[in-house]
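# What the coordinates show
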Amino acid sequence: MALGKLQKVLISESLDPCCREILQAGGLRVQEKPGLSKEELLREIRDCDGLIVRSATKVTAEVLEAAERLQVVGRAGTGVDNVDVEAATRKGVLVMNTPTGNSLSAAELTCGMILCLARQIPQAAASMKEGKWDRKKYMGMELNGKTLAVLGLGRIGREVATRMQAFGMKTIGYDPIITPDVSATFGVEQLPLEQIWPRCDFITVHTPLLPSTTGLLNDSTFAKCRRGVQVVNCARGGIVDEGALLRALQSGQCGGAALDVFTQEPPKDRDLVNHPNVISCPHLGASTREAQSRCGKEIAMQIVDMATGKGLTGVVNGQALSKAFAPQTKPWITLARALGTVLCMVGKQVQGSVQVCTLGTPLKEAGSYLTPAVAAGMLAGGTQKEVTLVNATLLAQEAGLKVTTTHSDVAPEPDSSTGLVQVSLQGTPHQVTGTVQGSTPVLRQINGATFKQPAPLSGPVLIYRAKASDARALATLTGLLSKAGGQLLSYHSSSTVAGEQWSVAGLSAPLSNLGELKPFVTEVFQLHLL
């Protein structure tokens, strides 16, 4: 669960010098190598713990596989479509971004594009440089009273909307996540897409590139728009179908387009770029001194905070891991992982359905980070190289393990004020329960057998079940420890169930051979818990 020590970070693109300076001040070694080829990146990444990119570097599954020590990919910017997030998650690599760093710069460029479309400023400027004076040719339109459709109402979309409202534009929009009540607070009327197409004079897109947004503007949607609609894409190439856009421009259905992004960058097919009604830029949305400084500073600070254990921000995957840095949640995550490991050993299986029940008001919101922690504990003894809170849920699904969570505000005494975590293997009698005392995870119950004094779950632990009336197991255990030069640090036994009781022994070091103990126990297993 805990990440290893971050030592070396590769910056593969040009970033503000403050990025390197902050990383170095945080005690990290930094290599700056912008413009690496794919082959060069595969070589350079092998011994790096961190990688910082903008949008040009493609962090593919192949790159991630070559990165033997990689723990984090930091995207100095918003979109992470140049990073294979699923492959990173599977490998347990964190992906971070700086979602606010370039928002203003991208919004301002979008507004500039809208103004340029309305008044044909770039075309008129180029004409002047050619020695012409074509006043009649570049007749424009006022923005006042026109309708702007903003598709995607996140940080950038709302900044664009509020700025264009100052020009007297009516702003309508669509977002599957932002509610209409929220968008109304910044002056955007939300409508279904089918109602947006025929109502708008300008369309600007501000969504991530997802299967659901690829080709959002296409032949069908252009046909539903007002003739002469103006289109702006400063988000991601591919949201606007470039073939459909060109056809709409050629027919006059689209009156003009302003593009800062393309499906292929730089674009090899120049038909769109060369069209007289198209304004294009070489992906300049974040290309301001302020945005570059802000993004470089933010991603460097996020990685230093991660390296020093201060916290995690801007996490795209593994949000549960960000909770692991909070002092109040750390021991609960450790507990949940330990309970998962104990349940796996008691139940002797990894597959199936596991129910995590949090009891007590303090744990009301804990399910989001305890679920992957339990999964990580259950998978810990398997064949996976490393299971972390980043990849535990994905790997659990692939292993046929389903972990679900329920909550009750009521916890039994004496744990009502702190909370209790109960983990059950459904369809079996196997269940373990634990809590946190101070900052120590402790075991309260195994399969209905209760520990009057909760057993600590940390370090080397040996757990066995034996007849309650037979003291030979404990005597044999102490003898084994004495032979091995070890010590019994703690010992806790449970209540008796069907003539047997569970015992939990804290050891100074794991025992290499339990052969002498096995004749006196029904079952025994040894764990090394965090």
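Only a predicted model underlies this, so the values are computations on that prediction, with no experimental measurement involved.

## Brief notes about the side chain of Asp-49
Residue placement: Asp-49 occurs in the loop between α2 (38–44) and β3 (50–53). When its relative accessible area of 2% is taken as the criterion, Asp-49 is described as buried. With sequence-adjacent residues up to four places away left out, Asp-49 is seen in contact with Lys-5, Leu-6, Gln-7, Lys-8, Arg-69, Leu-70, Gln-71 and Val-72.

## As for the sheet that holds strand β18 (residues 449–456)
Strand order in the open sheet made by the six strands is β14-β13-β15-β16-β17-β18, with mixed pairing throughout. Looking along the sheet, the strands with just one partner apiece sit at the ends: β14 (401–408) and β18. Taking each pair of neighbouring strands and ignoring which way they run, the sheet shows an average axis angle of 20°. When strand β15 (residues 420–425) meets strand β16 (residues 431–437), the two strands line up antiparallel, connected through four bridges. The residue bridging Val-423 from the neighbouring strand is Val-432, located in β16. Where helix α15 (residues 330–347) meets the sheet, it contacts β13 (352–359), β15, β16 and β17 (440–446), and its direction lies at approximately 155° from that of β16. Against the sheet, helix α16 (residues 367–379) engages β13, β14 and β15, with an angle of about 140° to β14.

## A closer look at the sheet that holds strand β21 (residues 500–507)
If you walk across this open sheet you meet the four strands as β20-β21-β19-β22, and the pairing is antiparallel. Among the strands making up the open sheet, the edge pair consists of β20 (488–493) and β22 (523–529). The sheet shows a mean angle of 20° between the axes of neighbouring strands, direction not considered. With seven bridges joining them, strand β19 (residues 459–467) and β22 adopt antiparallel strand pairing.

## A few points about α15
Its 18 residues give α15 an end-to-end C-alpha distance of 26 Å, which sits within 8% of 26 Å, the value for a rise of 1.5 Å per residue. Along α15, 16 of the 18 residues are buried, which leaves the element largely enclosed by surrounding structure. The positive-phi residue at the C-terminal boundary of α15 is Lys-348, with phi of around 55°.

## Some points on the pattern of salt bridges
Considering all chains together, one arrives at 22 salt bridges under this definition. Residue Glu-523 is joined to Arg-465 by a salt bridge in which the shortest nitrogen-to-oxygen separation is 2.8 Å. Note that Glu-523 is positioned in strand β22 and Arg-465 in strand β19, a separation of 58 residues in sequence. Using a relative accessible area of 22% as the deciding quantity, one classes Arg-465 as partly exposed. Salt bridges linked by common partners bring Lys-348, Arg-465, Glu-500 and Glu-523 together as one network.

## Details of the UniProt feature "domain: D-isomer specific 2-hydroxyacid dehydrogenase NAD-binding" (unreviewed entry) in the protein chain
Annotation from UniProt places "domain: D-isomer specific 2-hydroxyacid dehydrogenase NAD-binding" (unreviewed entry) at residues 112–285. With 33% helix and 17% strand, residues 112–285 has end C-alpha atoms that lie 11 Å from one another.

## Concerning the UniProt feature "domain: D-isomer specific 2-hydroxyacid dehydrogenase catalytic" (unreviewed entry) in the protein chain
Feature annotation in UniProt places "domain: D-isomer specific 2-hydroxyacid dehydrogenase catalytic" (unreviewed entry) on residues 9–317, given in this structure's numbering. The annotated region residues 9–317 carries 37% helix and 16% strand content, and the separation between its end C-alpha atoms amounts to 19 Å.

## Structural notes on the pairing of strand β2 (residues 29–32)
Relative to β2, strand β1 (residues 8–11) runs parallel, the two being bridged by four bridges. Its bridge partner being in β2, Val-9 is matched across the sheet by Val-30.

## Thoughts on the side chain of Thr-98
For Thr-98, the position within the fold is in the loop between β5 (94–97) and α5 (103–119). Residues contacting Thr-98, with those up to four places away along its chain left out, are Arg-75, Ala-76, Gly-77, Thr-78, Cys-295, Glu-298, Ile-299 and Gln-302.

## Digging into the packing of α5 against helix α7 (residues 155–165)
Two elements in contact, α5 and α7, have axes whose closest approach is 9 Å; the angle formed by their N-to-C orientations is 45°. Of the possible angle classes, the one that applies to α5 and α7 is oblique. As for how α5 packs across α7, the hand of that crossing is right-handed. On the side of α5, the interface is formed by Ser-103, Leu-104, Ala-106, Ala-107, Glu-108, Thr-110, Cys-111 and Ile-114, while α7 contributes Arg-155, Ile-156, Glu-159, Val-160, Arg-163 and Met-164. Of the residues contributing to the contact of α5 with α7, the split by class is eight nonpolar, two polar and four charged.

Parameters at a glance
- Residues numbered from 1 in each chain as written.
- Predicted model: local features only at pLDDT ≥ 70, side-chain atom pairs only at ≥ 80, totals over all residues.
- Heavy atoms only, no water.
- Helix = DSSP H or I, 4+ residues; strand = E, 2+ residues; numbered from the N terminus.
- Buried < 20%, exposed > 50% of the residue type's maximum accessible area, 1.4 Å probe, protein only.
- Contact = heavy atoms within 4.5 Å.
- Pairing = 2+ DSSP bridges.
- Axes fitted to C-alpha atoms, helices over the stretch in contact; angles between N-to-C directions.
- Expected span 1.5 Å × (residues − 1).
- Salt bridge = Lys/Arg side-chain N within 4 Å of Asp/Glu carboxyl O.
- UniProt positions renumbered as here; feature names shortened; annotations may be inferred.
- Parallel < 35°, antiparallel > 145°, perpendicular 65-115°, else oblique.
- Left-handed = near helix turned anticlockwise from the far one by under 90°.
- Nonpolar A, V, L, I, M, F, W, Y, C, P; charged D, E, K, R; others polar.

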